[in-house]
Amino acid sequence: MNEALFVDPTHRAALDRAGLRTTHDFFTRNTIKIFRDVHDRQNGTLDLEGFRIYLKRDAKRVSEPMSLEAHGIELLKQAGISTLEIVAHGSLDDGRTFIATRELVGYRPADMLLRDQEIDFDSILIPTSELSAKLHRANLHHRDLYLNHFFV
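Residues numbered from 1 in each chain as written. Predicted model: local features only at pLDDT ≥ 70, side-chain atom pairs only at ≥ 80, totals over all residues. Heavy atoms only, no water.

1. Side note on the environment of Asp40
What counts here: Labels follow the DSSP assignment, with helices taken as runs of H or I lasting at least four residues and strands as runs of E lasting at least two, numbered in each case from the N terminus. The cut-offs for exposure are 20% and 50% of the maximum accessible area for each residue type, with area from a 1.4 Å probe on protein chains only; residues under the lower value are buried, those over the upper are exposed, and the others partly exposed. Working rule for contacts: check all heavy atoms of both residues, and any pair within 4.5 Å makes them a contact.
For Asp40, the position within the fold is in the loop between strand 2 (33-38) and strand 3 (41-47). Under the relative-accessibility criterion, Asp40 is labelled partly exposed at 36%. As for Asp40 and Gly19, which are separated by 21 residues in sequence, their C-alpha atoms are 24 Å apart. Those residues in contact with Asp40, other than ones at most four positions away along the chain, are Arg57, Asp58, Ala59 and Lys60.

Take a look at the structure:
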């Protein structure tokens with residue numbers, strides 16, 4: 001089986017101990033807890049030693065593989081914009097791809113905080129606008145700039 005796999009070196013040992021040594025492992029391990037399964041995309045979590053990873057994987061070939069998302073995260077870092085930490089990403093020869101990121105401890109998606117009335121919209125209006133402006137100044141375009149993509 002042909003596969004591509006990138007693993008951040010700081011997480012290699014923890015992934016190895018969890019049995020995640022190949023891209024195929026990220027699609028077959030039953031220790032990954034799937035919490036969303038819609039439109040051929042699955043989201044799940046896996047607790048490793050001292051931290052949790054969030055996994056996004058495609059159940060079939062897609063036009064935009066997770067490597068593009070990983071590339072976008074790297075562009076954000078280069079622009080000095082706080083973002084997720086990539087743990088691993090990869091693809092199988094059948095076109096399925098995945099990305100695993102480290103949990104943002106102490107943060108929640110803005111839409112959930114608003115829904116649960118833990119914050120009000122006015123409190124995030126200016127920081128969200130400033131972040132959007134920073135993205136545009138860095139010539140980065142986010143095609144789906146929704147509140148669930150902002151972590152507060």
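2. Let's talk about the sheet that holds strand 5 (residues 86-92)
What counts here: Here, any two strands with at least 2 DSSP bridges between them count as paired. Axis angles are defined between N-to-C directions and span 0 to 180 degrees, where every axis is a line fitted to C-alpha atoms and, for a helix, only to the segment in contact.
As summarised here, the arrangement of the six strands in space is 1-5-6-4-3-2, forming an open sheet in which the pairing is antiparallel. Each having just a single partner strand, strand 1 (3-7) and strand 2 make up the two edges of the open sheet. Strand-to-strand, the axes of this sheet are offset by a mean angle of 10 degrees, without reference to chain direction. Bridge count for strand 2 against strand 3 is five bridges, and the pairing is antiparallel. Paired with Val38 across the bridge in strand 3 is Arg41.

That's the geometry; what it means functionally is another story.
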